[in-house]
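Observations on the three-dimensional arrangement
Residue strings, one per chain:
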Amino acid sequence: MKILQDDLPLFPLNTVLFPQARLPLHIFEPRYREMIERCLQDDLAFGVLLIKEGVEVGGPAIPHAVGTIARIVDSARLEDGRYNIVTAGVTRFVLRESFERYAYLSGRIRLLADENVDLLRAEPAAEHAAQLFLKFVRTVQSIGETEPAPDDPSIELPKDPTMLSYVIGATLPISMRDKQGLLEAATTVARLRREATILERELELLRLVTEHNPAVRDLGSFSVN
């Protein structure tokens, strides 16, 4: 897979992709079909950016500056030229300059490598965020009457603090604006602490909802996958 840092194909979307996360996409617009055909032919990565202004389909869009490199891990071309693809987040990047050289947007970028985490500083934040996240998942599952046993092996979280922060960020049922804030966090510890604050807020909301309406069962399914 090649990452063209001077002319990276860009895909503005109404979603935030985190490193290590999977994102399935249905490609139907001619401009993005052209982009995906090029990426598949030349083994290129492309950049996923949350839209700040504009529209996802049929018009121009101004994206946020921080996004995630996506690689195509599976693809299927339909008879009419549309594509179904599955992508995986690789690493974060910042958009330095955008171009209109093709039917789709492209840009000059700088890759944002994950910092060398100080484990002595990161592990307490990671442990706290992980405990809150597991409590949140089990609370939601309990409301849906699917609570696992306390040692349920189906809930597995990464040991690495940075990967943990990405998993929590990708999984939390929060606004895209909040997810973008997590993606842009300068350090792993900052991201984990922000996630802990969000989880504490969401847990308190769940407590209030269930206290005032014990019969509530409409939160929907929740998966850490």
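Everything numeric in this text was worked out from a predicted model, so none of it was measured.

Of the regular secondary structure elements, the protein chain holds 5 helices and 7 strands. Listing every helix and strand of the protein chain by position from the N terminus yields β-β-α-β-β-β-β-β-α-α-α-α. Burial statistics for the protein chain: of 225 residues in total, 46% are counted as buried. For the protein chain, restricting intrachain contacts to residue pairs at least 6 apart in sequence, the fraction spanning at least 24 positions comes to 68%.

What is expected of a backbone is that most residues other than glycine have negative phi and most peptide bonds are trans. Backbone geometry places glutamine 20, a non-glycine residue, at a positive phi of 80°. Along the chain, the position of glutamine 20 falls in the loop between β1 (8-13) and β2 (22-27). In this model, aspartate 43 sits at a positive phi of 55°, which is unusual for a non-glycine residue. Relative to the elements of secondary structure, aspartate 43 occurs in the loop between α1 (30-42) and β3 (46-54). A relative accessible area of 42% means that aspartate 43 is categorised as partly exposed.

Overall, the prediction assigns the protein chain a mean pLDDT of 89, with 87% of residues at 70 or greater. The element-level mean pLDDT for the protein chain is lowest in strand β4 (residues 61-63), coming to 88, with strand β5 (residues 66-77) highest at 98. Counted against residues more than four places away or in other chains, residues 217-225, with its pLDDT under 50, gives 17 contacts.

Moving on, we get to the packing of aromatic side chains. All told, the structure shown has 4 aromatic pairs when counted by the stated rule. With 6.4 Å between their ring centres and 50° between their planes, phenylalanine 18 and tyrosine 166 make a pair best called tilted. Note that phenylalanine 18 is positioned in the loop between β1 and β2 and tyrosine 166 in helix α3 (residues 161-171), a separation of 148 residues in sequence. For the residue pair phenylalanine 18 and tyrosine 166, the accessibility class agrees, reading buried in each case. Among the aromatic residues, ring-to-ring pairing joins Phe11, Tyr32 and Phe46 into one connected group. The residue whose ring lies beneath arginine 38 is tyrosine 102, and the NZ or CZ to ring-centre distance is 4.9 Å.

So, about the pairing of β2. Only one face of β2 is covered, namely the face carrying Leu23, Leu25 and Ile27; the face carrying Arg22, Pro24 and His26 is uncovered. Pairing of β2 with strand β6 (residues 83-99), which is carried by 6 bridges, proceeds in the antiparallel orientation. By the bridge assignment for β6, proline 24 is matched with valine 86.

For α1, spanning 13 residues, the distance from its first C-alpha to its last is 18 Å, which sits close to the expected 18 Å at 1.5 Å a residue. Looking at α1, one finds that the buried residues are Arg31, Tyr32, Met35, Ile36, Arg38 and Cys39. Buried residues in α1, looked at end-on, bunch into an arc of 160°, giving them a common side. Exposed side chains of α1 directed beyond 90 degrees from the buried face belong to Pro30 and Gln41. Each element contacted by the buried residues of α1 is listed here: β1, β2, β3, β5 and β6. Looking at the residues trailing α1, positive phi occurs at aspartate 43, about 55°.

Parameters and conventions
- Residues numbered from 1 in each chain as written.
- Predicted model: local features only at pLDDT ≥ 70, side-chain atom pairs only at ≥ 80, totals over all residues.
- Heavy atoms only, no water.
- Helix = DSSP H or I, 4+ residues; strand = E, 2+ residues; numbered from the N terminus.
- Buried < 20%, exposed > 50% of the residue type's maximum accessible area, 1.4 Å probe, protein only.
- Contact = heavy atoms within 4.5 Å.
- pLDDT = per-residue confidence, 0-100.
- Phe/Tyr/Trp six-rings, centres within 6.5 Å; stacked < 30°, edge-to-face > 60°.
- Lys NZ or Arg CZ within 6 Å of the ring centre and 35° of its normal.
- Pairing = 2+ DSSP bridges.
- Expected span 1.5 Å × (residues − 1).
- Arc of directions from axis to C-beta.

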